[in-house]
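# Chains, contacts and geometry: an overview
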Amino acid sequence: MKTWLNVRIGLDDFIQTKIIDYRIPKNINIFYTLGFLAVIAYAVQAVTGIILLIYYIPHPDHAFRSVQDIMTKVPYGWLFRQMHVVGSNLMITVAILHMITVFLMGNYKRPRELTWLGGGLSLLLTIIFGFSGYLLPWTQLSYWATTVVTSMPTAFPLIGNPIAQVLRGGDHITEITLSRFFALHVAVLPPIFLTLTGIHLFLINRIGISATPFGMADEEKRPLTEYKRKTHADGYPYYPVFFQKQMYMMMAYLAVMFFIITFLPNLFFPEEAHIPADPFKTPAEIRPAWYLLAPYQLLKLIPNKFFGITIQAILVALFLVWPFVDTYQEKNVLKRPILRGVFIFLLVMWVILLFWGRTS
Amino acid sequence: MRYLLLSLTMLFTLPSMSTAGYREDFEREFMTKTWAGAQVEENSCISCHASDKMKPEFKEIVDAWQASWHAQNKISCENCHGGDPKDADLAMSRERGFLGSPHYKDVPEFCGKCHVGILANFLESGHGKALKAGKKAPNCVTCHGSHNIQKANIDIISEQLCTKCHSYERAKIMKVTLFLIEKKAAQLEQSLQELRQEGLYPEDDQKSLFSTQATFRTLFHTVDVNLVRSRTDEFTSKLDLIDKNVQTMFRDLRSRKNFSAFLMLVFSGMGIIIFLLSTTKKD
């Protein structure tokens, strides 16, 4: 079999050049595995999602019932659903951590602007994934959280209401909204996400892994006049050193996932998540998912809604194009007090808004 | 790129500044809007009764109803009093079926439109017969209240309430007879709530419990202790059956937790082994 593959695709050569000869910088740290972890998290979501897809019925009359059946009648259905729900939240967490660590290590800087942009768009898509999946169980939580979030675009004059109408397929959350969100979640987003991730991985491979700014002299300070793949001839081989790091981080990820499923099964399931959606009964507390709580709270705090959503749109745009704006050569954020201060301020604000949104 | 970003910022910010409104407007229009919009129907009974033009005793009705078990179960004004809450002008029109408030002795039939079984048993009871004979007797409101009706429970039978008309002895015997079944039903309700919280949806058992409890309480309205006693075994066996299902579900829940804990340990163990191996390789 091995010879058969060798003759046809050069398996040994592939393993030698792409895995054993592939060198990674010596000062590489554990945070470099977060990107890989995000891919693993997506794979878990894809596999569990496909299993749920077999039993889920995307219609308001059947959605809640079908989720009940998954939880009670389908063999191990509860496990796959819990893995999917907990995994979605962990995936967003991992993607956010990945972006934060890349930012702190200055690895978004040239020539990796496009890699950052691809990663940033993937993070936004991950959040849209989470948001679109939120409605599918058709519970009070999903119904009302979606109602609130789909109302956010109405803050924009002229185009706001049409956007909300397109999202909902009308004025309210109905079976049309459910169909749209279902299609978005299972058919539209996955190919876009895979394409973006593919481009992201291609760019990482093509440009080469960036060395961390802590310790080593960084050749990337050279004038960028021609393409040059970053290599680390004196670095460690990818296999087994970095591969093992990736593997134990993957195990840690799965262990955390099953820890939550075992000991905190209701972490992402408040009481409203077990009650079927009722358009006539508004729950006392309507809150979107945790990753949308900060923007939601900010929107509540800023008096003018258009201004509020504009600020957020600008922040998102700034986040995506940041490598094009920050052309300063120093990669080490510790040597950049203003940037460090702004970053800490934004991070603290985000955390405060998140908890404020959760408790208010 | 910087200039482009600056231009975009200006483009977004300037119009937003020019349209800057007030916090009150924002909250009214956006955050406190009834999200269900037209799906939540206007109820002219509530809007009128809650307004300042209403006498205080009529105004209190809205608050009382909103805190009631009826409100929680979407039983609104027109379900009892008739009329048309969608049309403010004709809301209290007899042509639209408005009934108004019933006379004291007609209250059982008023409530019995929905609580059919209880009405039948109540009319057969000493309470019901006395009421119909025009004697001093309780009606539904005497024990359950009118607008702030709460979920029925055994504590309604109290010395304070019963001794308004007669001695407590007979009522006490009834309460003791009811106690075990009611206690068991309350425990099962709590267990079913816990199971629902864990993502197990015991819908059939919930319906069965509701039905058993409702039938049992219907029977109580005959105020016939012997009748209630004679059928206690029947209700106990029904509750035992639900309890058996509940225990099975709790066992299932425990095995689920054990299984996911096992997976957690497997992955933790594998992670630790790989970590230890990777250190060795690096050395």
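Just so we're clear, the structure is a prediction, and the values are computed from it rather than from any experiment. (Residues numbered from 1 in each chain as written. Chains lettered and ligands numbered in written order. Predicted model: local features only at pLDDT ≥ 70, side-chain atom pairs only at ≥ 80, totals over all residues.)

With that settled, the discussion passes to the overall build of chain A. What chain A contains, in helices and strands, is 13 helices and 2 strands. Burial status across chain A gives 38% buried among its 360 residues. Looking at chain A alone, contacts between residues at least 24 apart form 77% of all its contacts between residues at least 6 apart. (Helix = DSSP H or I, 4+ residues; strand = E, 2+ residues; numbered from the N terminus. Buried ≥ 20, exposed ≤ 12 C-beta atoms within 10 Å, placed from the backbone. Contact = placed C-beta atoms within 7 Å.)

All names here are of chain A. Core analysis: the largest hydrophobic core is formed by 88 residues, its most contacted members being L37, A41, M251, Y253 and M257. Ranked by residues supplied to this core, first place goes to helix α10 (residues 238-263) with 13 residues. Look past the residues within four positions of M257 in its chain and what remains in contact with it is M83, V86, G87 and L90. Among the nonpolar cores identified, the runner-up in size contains 5 residues, and I24, I28, Y32 and F242 belong to it. (Core = buried A, V, L, I, M, F, W, Y, C linked by C-beta atoms within 7 Å.)

Another aspect to go through is the packing of helix α1 (residues 2-9) of chain A against helix α2 (residues 11-20) of chain A. Residue and element names in this part refer to chain A. Taken N-terminus to C-terminus, the directions of α1 and α2 make an angle of 75°; their axes are 6 Å apart at the nearest point. By the angle between their axes, α1 is roughly perpendicular relative to α2. Listed contacts from α2 to K2, L5, N6 and I9 of α1 are L11, D12 and F14. Taken together, the residues of the contact of α1 with α2 break down into 4 nonpolar, 1 polar and 2 charged. (Axes fitted to C-alpha atoms, helices over the stretch in contact; angles between N-to-C directions. Parallel < 35°, antiparallel > 145°, perpendicular 65-115°, else oblique. Nonpolar A, V, L, I, M, F, W, Y, C, P; charged D, E, K, R; others polar.)

Attention now goes to the environment of K172 of chain B. Summarising the element assignment, K172 of chain B is placed in helix α12 (residues 169-197). K172 of chain B sits 25 residues away from Q197 of chain B along the chain, and the two C-alpha atoms are 36 Å apart.

Residues and elements named next belong to chain A. At their nearest, the axes of helix α11 (residues 290-301) and helix α13 (residues 337-359) sit 7 Å apart, and the two run at 90° to each other. Classified by the angle their axes make, α11 and α13 are roughly perpendicular. Residues W290, L293, A294, Y296, Q297 and L298 of α11 touch α13, and the partners they reach there are W350, L353, L354, W356, G357 and R358.

All names here are of chain A. The omega torsion of the bond from R110 to P111 falls at 10°, within 30 degrees of zero and hence cis. With respect to the helices and strands, P111 occurs in the loop between α5 (77-104) and α6 (113-135). Across the junction of Y239 and P240, the peptide omega takes the value 10°, indicating a cis bond. Take P240: it is sitting in helix α10. In the Ramachandran plot, Y76 falls in the positive-phi region, its phi being about 60° despite a non-glycine side chain. Its place among the elements puts Y76 in the loop between α4 (63-72) and α5.

This next bit is on α11 of chain A. All names here are of chain A. Between its first and last C-alpha, α11 extends 17 Å over 12 residues, near the 16 Å set by a 1.5 Å rise per residue. For α11, the set of buried residues is L292, A294, P295, Y296, Q297 and L299. Next to the buried residues of α11 lie α6, α7 (140-151), α12 (305-325) and α13. (Expected span 1.5 Å × (residues − 1).)

Let us now look at the confidence of the model for chain B. All names here are of chain B. Mean pLDDT over chain B: 83, with 83% of residues reaching 70 or higher. The spread of mean pLDDT over the elements of chain B runs between helix α2 (residues 23-31), the lowest at 46, and helix α7 (residues 107-112), the highest at 93. In the model, residues 18-40 has pLDDT below 50 throughout and makes 33 contacts with residues more than four positions away in sequence or in other chains. The ipTM assigned to the predicted complex is 0.90, against a pTM of 0.81. (pLDDT = per-residue confidence, 0-100.)

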